[in-house]
Amino acid sequence: MSLIVLTECLAAPGQEDRLRTALEAMIEPSLDEPGCLAYRIYTDPNRPASMVVIEEWASPRALEKHYTTPHFRHAKQVLKLVLAEPMTLRRPMTAPSS
């Protein structure tokens, strides 16, 4: 079973473009990583400073390795400068069927 990661980000005022650029720069290198099945970025049309990244990984190990990559470490440094608040990371699980 794959692992889904949902990350919510809120740009500081005036930092929306920098946040979007930093997140978009993560797409290609992340998709090139072994175990990355999907990497998508969404912007709330009613609140452009609010962005969500939805990732799908083949395994927890692939995700942990992702956190050690140069592109992830670089993005983490940029996000410290452009976020209005700490990002929220969620790992939703499939709901059990009744």
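Structural data are supplied above this passage.
Just so you know, these numbers come straight off a predicted model, no measurement behind them. (Residues numbered from 1 in each chain as written. Predicted model: local features only at pLDDT ≥ 70, side-chain atom pairs only at ≥ 80, totals over all residues. Heavy atoms only, no water.)

(A) Seen up close, the packing of aromatic side chains. Evaluated as defined, the whole model comprises 1 aromatic pair. Both rings, one in tyrosine 67 and one in phenylalanine 72, keep their centres 5.0 Å apart while their planes meet at 55°; by these two values the pair is tilted. Overall, tyrosine 67 belongs to the partly exposed group, its relative accessible area being 22%. (Phe/Tyr/Trp six-rings, centres within 6.5 Å; stacked < 30°, edge-to-face > 60°. Buried < 20%, exposed > 50% of the residue type's maximum accessible area, 1.4 Å probe, protein only.)

(B) Representation of the nonpolar core within the structure. Counting 24 residues, the largest nonpolar core has Leu19, Leu23, Trp57 and Leu79 as the members making the most contacts within it. Those elements that place two or more of their residues in this core are strand S1 (3-10), helix H1 (16-31), strand S2 (36-44), strand S3 (47-57), helix H2 (60-66) and helix H3 (70-82). Take this core: its biggest share by element is 5 residues, from H3. Setting aside its immediate chain neighbours within four residues, tryptophan 57 contacts Ser2, Leu3, Val5, Ser30, Glu33, Pro34, Gly35, Cys36, Leu37, Ala62, Leu63 and His66. (Core = buried A, V, L, I, M, F, W, Y, C linked by side-chain atoms within 4.5 Å. Helix = DSSP H or I, 4+ residues; strand = E, 2+ residues; numbered from the N terminus. Contact = heavy atoms within 4.5 Å.)

(C) A look at the layout of surface pockets. Space inside the largest pocket adds up to approximately 290 Å³. What lines the largest pocket is a set of 17 residues, and nearest its centre among them are Thr7, Phe72, Lys76, Leu79 and Met87. Contributing elements (two or more residues each) for the lining of the largest pocket: H1, S3 and H3. For the lining of the largest pocket, the leading source of residues is H3, giving 5 residues. Of the residues belonging to the lining of the largest pocket, the class tally is 12 nonpolar, 2 polar and 3 charged. (1 Å grid on protein atoms, 1.4 Å probe; cavity = no way out; pocket = protein on both sides within 12 Å on 5 of 7 lines; lining within 4 Å. Points joined across faces, edges and corners; volume = space filled by probe spheres on them. Nonpolar A, V, L, I, M, F, W, Y, C, P; charged D, E, K, R; others polar.)

(D) Fine view of the side chain of serine 50. Residue position: serine 50 is located in strand S3. Assessed through its relative accessible area of 16%, serine 50 is described here as buried. When sequence neighbours within four positions are dropped, the list of residues in contact with serine 50 reads Cys9, Leu10, Tyr42, Thr43 and Asp44.

(E) Just the pairing of S3, in detail. Relative to S3, S1 is paired through 8 bridges, and the arrangement is antiparallel. Along S3, the bridge assignment pairs leucine 6 with isoleucine 54. Across 8 bridges, the pairing between S2 and S3 is antiparallel. The residue of S3 that forms the bridge with tyrosine 39 is glutamate 55. Between the end of S2 and the start of S3, which pair antiparallel, lie 2 residues. (Pairing = 2+ DSSP bridges.)

(F) Looking closely at H1. Look at H1: 23 Å from first C-alpha to last across 16 residues, which is about the 22 Å you get at 1.5 Å a residue. For H1, the set of buried residues is Leu19, Ala22, Leu23, Met26 and Ser30. On an axial view of H1, the arc spanned by its buried residues comes to 90°, and they lie on one face. Among the exposed residues of H1, those oriented more than 90 degrees off its buried face are Asp17, Thr21 and Glu28. Summarising the contacts, the buried residues of H1 are in contact with S1, S2, S3, H2 and H3. (Expected span 1.5 Å × (residues − 1). Arc of directions from axis to C-beta.)

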